[in-house]
Amino acid sequence: MAAVPEITFHGAARTVTGSCTEVTFGDRRILVDCGLFQGSRSLERLNLGEWAFGPDSVDAVVLTHAHIDHCGLLPKLVAQGFEGPIHCTAATADLLEFMLADSGRIQEFEAERRNRRRDRAGHEPFAPIYTEADALEAWRRTEPVPLEQWFEPAPGFRARLWNAGHILGSASVELEVGGVRMLFSGDLGPEHKAFQADPEGPSHLDYVVCESTYGDRTRTRCTIAERRAVLEDEINRALDRGGNLVIPSFALERTQELLLDIAHLVDENRIAQVPVFVDSPLAIRATNVFARYSGELEDLDGRNIFRHPAFRYTQDAEESMRIDTFSSAIIIAASGMCEAGRIRHHLRNNLHRRDSTVLFVGFQAQGSLGRIILDGAERVRISGSDVDVRAQIRRIEGYSAHADHDELLEWLRERRPITGAVFLDHGEPEAVAALAGDVKELDSIPAVVTPDLGARYRLRAGGPAEPLGTVEPRAHMIGRDWQNEYAAFAVDLREKLLRIDDRRAREQAIADMNAVLENYLSPGARPRPEADRSAHHRDDEPRHRRRKRVPRRRRRTRR
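This one's a predicted model, so the numbers in the text were calculated from it and none came from an experiment.

Caption draft 1: Looking closely at the overall build of the chain. Within the chain, the regular secondary structure consists of 16 helices and 22 strands. Of all 559 residues assigned to the chain, the portion counted as buried reaches 53%. At a minimum sequence separation of 6, the contacts of the chain that also span at least 24 residues come to 73%. Accessible surface for the chain amounts to roughly 25500 Å². Of this, 47% is attributable to carbon and sulfur atoms.

Here it is as C-alpha cells:
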C-alpha cells in the first residue's frame, strides 16, 4: 500500500498554547512548531510528559514564529535527541536566540525556587524542563529561509513560508507531501497591525489548519490613531490618580507597539513626560532586534523610536526593585499573562494601592494570573503572598496581535477552494465552536474538524480527513484547574475564619474541613454526585449564630 500523509495534533487542541503538529509520510516526520504549554498548572504539566514520538525520529521542524507557545519546547526536543534543522524566517531566528535562552533561565529558576520551598522538603527534587544551554543549542539549529521560496525540510516534503502579519518574522507554512497540499496559518495578525503587513497565503488547498484564538469575538475596527487615543485616555486617567500605571506586556511585539505609541503621545504633548520603564531584559533584547529590522517595518517613518529619551530600560534586578519607589510612572513588564517574570513583583507592590492602575493589553489564557485578575478577583496569591486587589483594573483590546472572528473568516475565504477540510486549533473551546459554526457556512469548504489533543488523521488529496484515533490519551485541563481553585480558596480562608466571631465555632469549622478532607482520603472515597451533594447543603445561617444546640436538619440551599 502506498504511503499517505498523516497529521497529529500534539498541542494547541482546544487551548491556545503548546502548538505542535506532526506530519508524517512513510518513515519521514516533520513538526510544524514545538511550543510550550502555558496556563493552568495541569496544562503546564504536559511540558514534563514523554513525547508521543521519538525526538531522534523527527527529520525537521518548520517554525511559524518566536512566541514561546510555538517554540518553547524546542530545547527539550534537542536535548532528547533531535538533530535536524529548524526552518524559519531570518527575523524569527534572530529572536529565538533570546526567547529560548530566557525560557531556559526561567525553567532553571522555577525548578530552584520550587526546591527551596519548605513544603517540598523531603520530596523528589524538581528538574528544569531544559536549561539555558539546551536553549542555545536549539537556536544553533535554525536555518533561515526567505518568504515565498520553496525548500525541502525532509525528503518527500516541499514547503514555503508566507507572511502571517502577527509579529516580527511570523509566517504561515504551506506544505506539499504525498500529493496533498496544506497550509498551517500559525498565528494570524489583524488589520491595522503596527509594523506588519496584512497576512498573505495561497489558495486551492486540500487542508488548512487555522488558529481560532479570537474565533468567538469581533472587535470594533480600530486604526493605530484611534488606538493611540484610547491609550492616551488610559494613561492620563491613571496618572491623575497619582499612582503607577503597570502594564503586563508580552516581551515580543506588544512591548514594541506600546513604545511606538507612547513615543508619539509624548512627542505630541498628549501625555505627561513621566518615566517609562521597560522592565524586562527579554523585551530589551527583542527591542534591539526590532531596531535591526527597522528598515523593513511599517509605521516607523525612518525613526528609531526605541531610543526615545522618555524610555528607561532596566536590565539589573536591583534597579527593577527600585522602580516601585516611584509614583506616577509607567511600568511595562513581562510576562504578558503575569505567570512569571518581573511583572509579578510590580503587581505585588501595586495591586493593593487604590491610586495604582493595571492595564491589560493582551490575551489572558484561562487559569493564568492575568485572567484571574481581569475576571475580577478581590484577592490573589503572588509568590506565596496574599494580595488584595484595590488598584483600577483596565483593559485595551486594540493591541491584539491576533485576527478576530471576522478577519479569520475573511482569511479562510481567500484560501478557497479547500477540497478536504479546515482544522481549527489554537483556541479555547468556546472560540473554536463559535468559529466552526460560521466556517461551515462558507462555500467550497466541505468539512470543519476541531481536533482533540493527540488526535490523528489520514489525509488524501481532494478527500476528507480520516480519523485514526488518539495517540496520547492523556487528560488535560484547559482552563482553571484544582490548583487555581486551591489558590482562591486559600487566599480567602483566613479572612472567612476571622469573620466567625466565636472562637469555638471557628475551631469547629477547621475541624469540619479537616474531617471532609480525611473522608476523601479514605479507601474508595468518591465525590458525591452533584444532585446528592446539594441535598446535604446546610441553610445559609452561620452555625455560630445559632445559640441553641439543636439536632441537625438537612435542607436544600436556597438559590
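Caption draft 2: Molecular detail of the nonpolar core. Among the nonpolar cores identified, the biggest contains 72 residues, and L74, L77, I235, I262 and I330 are the most heavily contacted of them. No other element matches the seven residues that helix α7 (residues 254-267) contributes to this core. Once you skip the residues sitting within four places of it in the chain, I235 turns out to touch L245, I262, L265, I271 and I330. By size, the runner-up hydrophobic cluster in this structure holds 29 residues, among which are A60, F151, Y207 and A465.

Caption draft 3: Quick peek at the pairing of strand β7 (residues 157-163). Counting buried residues in β7 gives six out of seven residues, a clear majority hidden from the surface. One ladder, built from seven bridges, connects β7 with strand β8 (residues 171-177); its direction is antiparallel. Looking across to β8, one finds that F157 is bridged to V177.

Caption draft 4: Expanded view of the sheet that holds strand β14 (residues 330-333). Within the open sheet, the six strands sit side by side as β13-β12-β14-β11-β15-β18. Their pairing is parallel. For this open sheet the edge positions go to β13 (311-313) and β18 (392-395), each flanked by a neighbour on one side alone. Taking each pair of neighbouring strands and ignoring which way they run, the sheet shows an average axis angle of 20 degrees. With four bridges connecting them, strand β15 (residues 357-360) and β18 associate as parallel partners.

Caption draft 5: Structural detail: the packing of aromatic side chains. Going through the model one piece at a time under the given rule, you end up with 10 aromatic pairs. Ring centres of Y214 and F363 lie 5.6 Å apart, and the angle between their planes is 70 degrees; on these two criteria the pair is classed as edge-to-face. Pair noted here: Y214 is in the loop between β10 (205-211) and α6 (224-240) and F363 is in the loop between β15 and α11 (369-374), with a separation of 149 residues, a long-range link. Given the relative accessible area of 11%, F363 is considered buried. Through a chain of ring-to-ring contacts, three or more aromatic side chains come together here, namely F9, Y207, F423 and Y457. In this structure, R158 is placed above the aromatic ring of W150, and the distance from its NZ or CZ to the ring centre is 3.8 Å. One residue, R307, lies across the ring of Y313, its end atom 5.6 Å from the ring centre.

Analysis parameters
Residues numbered from 1 in each chain as written. Predicted model: local features only at pLDDT ≥ 70, side-chain atom pairs only at ≥ 80, totals over all residues. Heavy atoms only, no water. Helix = DSSP H or I, 4+ residues; strand = E, 2+ residues; numbered from the N terminus. Buried < 20%, exposed > 50% of the residue type's maximum accessible area, 1.4 Å probe, protein only. Contact = heavy atoms within 4.5 Å. Areas by Shrake-Rupley, 256 points an atom, 1.4 Å probe, with all protein chains shown as cover. Core = buried A, V, L, I, M, F, W, Y, C linked by side-chain atoms within 4.5 Å. Pairing = 2+ DSSP bridges. Axes fitted to C-alpha atoms, helices over the stretch in contact; angles between N-to-C directions. Phe/Tyr/Trp six-rings, centres within 6.5 Å; stacked < 30°, edge-to-face > 60°. Lys NZ or Arg CZ within 6 Å of the ring centre and 35° of its normal.

Limitation: the analysis is restricted to geometry and does not speak to function.
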